[in-house]
Amino acid sequence: MRKFLYILILIFFPLAVSAQQTDVYIGLASKGGNDKPSLGLAEIKHDANSEKESKQIFDVMRADLMFSRHFDIKETGPQINVSSAAAQLDEWQKNGADFVVQGDMTGDNGNFEIKIYVYYTKTHKVVFARAFKGKSNALRRLAHVASDQIVFALTGKRGIADTRIAFSNSATGNKEIYIADYDGANLRKLTTDKSIAILPRWSTDGKIYYTSYRYRNPDIFAIDLAAGKVVPIATSRVLNLIGGVSPDGKTLAMTRSGKDNPSLFEMNLETKKITEISESSGVDGSPSYSPDGKYITFVSNRSGNPQVYVMDMSTGSTRRLTSTLNWADTPQWSPSGEWIVFSGRTSPYNPIDVFLVDITGTQVRQLTSDSGRNEDPTWSPDGRFIAFTTTRNGRRQLYVMDADGSAPHLLADIPGDSYTPDWSK
């Protein structure tokens, strides 16, 4: 049995728990420093009014915690009862579990409450406890939130189960903006522009900015999910292509018609002032902010074929990161600031694939190959996964892969073709 060291316990929870949010972090390290903690998943206890719902919660949390890759999941062991917890936890420990997740769910007239506990099998103690309440239509998100809190409590790292992906899709015959949960569930159409709506970009406040031809011109709009409305942001009769939203949510980087060629601009979202930030003899486009907002990455053909560049926002100085590719587009900065993901190709005879380049420009890694056209990459907010579009199965679909290009899989079987995904912050 592997032994784990408690590095830090900020708060220890008793069995009685309120629904209020309190931060917990239990730092864990194995003796060798390489093993994942083993996490047992016990079936959720339930009353007669919540049998179906408890299974839904269990299935969603199981998928979330397995996808997180933070744990070695164990599924053989009994439910935990307070009166006999020690013996049951010993059985889980014999089966290899260092921790066990146990839920207790009740239902009353369509309202549900679930208490989630995490036990440390070695000491038989509860090291995490939360209570959640919600109606049946909120249970999937409740499970995502609980999974993320368990990830943080046991690893100190952010979970991504309660994140979403926005994208453009043509299922209606037009391109409209949609969102789905990180696992492809809860697909929802957000726009009815009946035109070409593309390039959704999340802001830290939950708004989604995008470009649409709803007024027969490429203009920028904002979707306010909380208010349930769409408002115009930049509708002047020039090219207005959204690039990215600054980390503080105060400015947009965009590609706009310049004096001679399209170039890069910033819009102050409070004053609506638009300022040109790049001037070159070539075409500049696809800007994306660094995590600290001090730089942007973009593509430009100023030296020939489109390549990936970086600009210092304080000085305007630029630096080219790629030089050997035939074509590059849609760069996006990783949340850690170490890598930029983009789509590109090595020669005009090769299909488009997904690449990484480090911020020094000395390392370029190809993540996809021999699998159709692979475009529009976007990072998960923890930097461990990349969503992208691919034609490997014929039509253009949304896929997710690990940040090293491994384990690519279909997000969901969504009708139509999908374009320009963006992962929520």
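Presented here is an overview of the structure given in this document.

Analysis parameters
Residues numbered from 1 in each chain as written. Predicted model: local features only at pLDDT ≥ 70, side-chain atom pairs only at ≥ 80, totals over all residues. Heavy atoms only, no water. Helix = DSSP H or I, 4+ residues; strand = E, 2+ residues; numbered from the N terminus. Rg over C-alpha atoms; globule rule 2.2 N^0.38 Å. Buried < 20%, exposed > 50% of the residue type's maximum accessible area, 1.4 Å probe, protein only. Areas by Shrake-Rupley, 256 points an atom, 1.4 Å probe, with all protein chains shown as cover. Lys, Arg positive; Asp, Glu negative; His and termini not counted. Charge placed at Lys NZ, Arg CZ, Asp CG, Glu CD. Pairing = 2+ DSSP bridges. Axes fitted to C-alpha atoms, helices over the stretch in contact; angles between N-to-C directions. Phe/Tyr/Trp six-rings, centres within 6.5 Å; stacked < 30°, edge-to-face > 60°. Lys NZ or Arg CZ within 6 Å of the ring centre and 35° of its normal. Polar contact = N/O pair within 3.5 Å; in protein donor to acceptor, adjacent residues only side chain to side chain. Salt bridge = Lys/Arg side-chain N within 4 Å of Asp/Glu carboxyl O. Arc of directions from axis to C-beta. Contact = heavy atoms within 4.5 Å. Expected span 1.5 Å × (residues − 1). Core = buried A, V, L, I, M, F, W, Y, C linked by side-chain atoms within 4.5 Å.

Okay, the overall build of the chain next. Assigned secondary structure in the chain consists of 3 helices and 32 strands. The C-alpha atoms of the chain give a radius of gyration of 24 Å, which matches the 22 Å a tight globule of 425 residues would have. Within the chain, buried positions represent 51% of all 425 residues. With an accessible surface of roughly 19100 Å², the chain has 47% of that area assigned to carbon and sulfur atoms. Across the chain, the centroid of the 49 positively charged side chains sits 1 Å from that of the 47 negatively charged ones.

If you walk across this open sheet you meet the 4 strands as β20-β21-β22-β23, and the pairing is antiparallel. In the strand order of this sheet, the two ends are held by β20 (284-289) and β23 (318-320), each with one partner. Taking the axes of each pair of neighbouring strands and ignoring which way they run, one obtains an average angle of 25 degrees across the sheet. Sheet analysis places β20 next to strand β21 (residues 295-300), joined by 4 bridges and oriented antiparallel. Across the sheet, Ser288 pairs through a bridge with Thr297, a residue of β21.

It is worth spelling out the pairing of strand β14 (residues 219-224) at this point. Taking burial as the measure, the 6 residues of β14 include 6 buried ones, the bulk of the element. Summarising the sheet, strand β13 (residues 208-212) and β14 pair through 5 bridges and their orientation is antiparallel. Bridge pairing in β14 places Tyr210 opposite Phe221. Between β13 and β14, which follow one another and run antiparallel, lie 6 residues, and Arg216 among them has a positive phi close to 65 degrees. Pairing of β14 with strand β15 (residues 229-234), which is carried by 5 bridges, proceeds in the antiparallel orientation. Residue pairing in the sheet places Phe221 in a bridge with Pro232 of β15. Linking β14 to β15, which pair antiparallel, is a turn of 4 residues; within it Gly228 sits at a positive phi near 70 degrees.

The next point concerns the packing of aromatic side chains. Under the defined criterion, the tally for this structure stands at 11 aromatic pairs. One aromatic cluster is present, formed by Phe67, Tyr182 and Phe385 through successive ring pairs. Positioned above the aromatic ring of Tyr419, the side-chain terminus of Lys175 is 4.1 Å from the ring centre. The ring of Phe265 has Arg256 lying over it, and the distance from NZ or CZ to the ring centre is 5.8 Å.

This part takes up the sheet that holds strand β9 (residues 164-169). On the basis of which strands lie adjacent, the open sheet formed by 4 strands has the order β11-β10-β9-β32 and antiparallel pairing. Single-partner strands in this sheet number two, and they are β11 (188-189) and β32 (418-423). In this sheet, strand β10 (residues 176-181) lies alongside β9 in antiparallel orientation, the contact comprising 6 bridges. Bridging across to β10, Arg164 finds its partner in Asp181.

Let us now look at the environment of Thr330. With respect to the helices and strands, the residue Thr330 is situated in strand β24 (residues 327-333). C-alpha separation for the pair Thr330 and Glu279, spaced 51 residues apart in sequence, amounts to 19 Å. Only 3.1 Å separates the side chain of Thr330 from the side chain of Ser343, close enough to count as a polar contact.

Throughout the structure, instances matching the rule amount to 14 salt bridges. The network of salt bridges with shared partners includes Arg373, Glu375, Asp376 and Arg396.

Okay, helix α2 (residues 85-94) next. Of the positions making up α2, those classed as buried are Ala85, Gln88, Leu89 and Trp92. The arc enclosing the buried residues of α2, seen along the axis, measures out at 100 degrees, which places them on a common side. Across from the buried face of α2, at angles greater than 90 degrees, the exposed residues are Ala87 and Lys94. Taken together, the buried residues of α2 touch β3 (38-41), β5 (72-74), β6 (99-108) and β7 (111-120).

It is worth spelling out helix α1 (residues 51-67) at this point. For α1, spanning 17 residues, the distance from its first C-alpha to its last is 25 Å, which sits close to the expected 24 Å at 1.5 Å a residue. Just beyond α1, the residue with positive phi is Arg69, at close to 65 degrees.

Time to look at the pairing of β20. Of all the 6 residues making up β20, 5 are buried; the element is thus mostly covered by neighbouring parts of the structure. Taking the residues that link successive antiparallel strands as the turn, the β20-β21 hairpin has 5 residues, and the phi of Gly293 there is positive, at about 75 degrees.

By size, the foremost hydrophobic cluster in this structure holds 29 residues, and its most contacted members are Leu39, Ile57, Ile116 and Ile150. Broken down by secondary-structure element, the contributors of at least two residues to this core are β3, α1, β6, β7, β8 (125-135) and α3 (139-155). Not counting residues within four places of it along the chain, the set of residues in contact with Ile57 comprises Ile44, Met105, Ile114, Leu139, Leu142 and Ala143. The next biggest cluster of nonpolar side chains, apart from the first, holds 16 residues, and it includes Ala161, Tyr182, Ala387 and Leu411.

With phi around 65 degrees, His124 is a residue other than glycine that occupies positive phi space. Looking at the element boundaries, His124 is found in the loop between β7 and β8. On the basis of relative accessible area, His124 is assigned to the partly exposed category, the value being 29%. Even without being glycine, Asp370 reaches a positive phi, approximately 55 degrees. Tracing the chain through its elements places Asp370 in the loop between β27 (364-366) and β28 (374-379).

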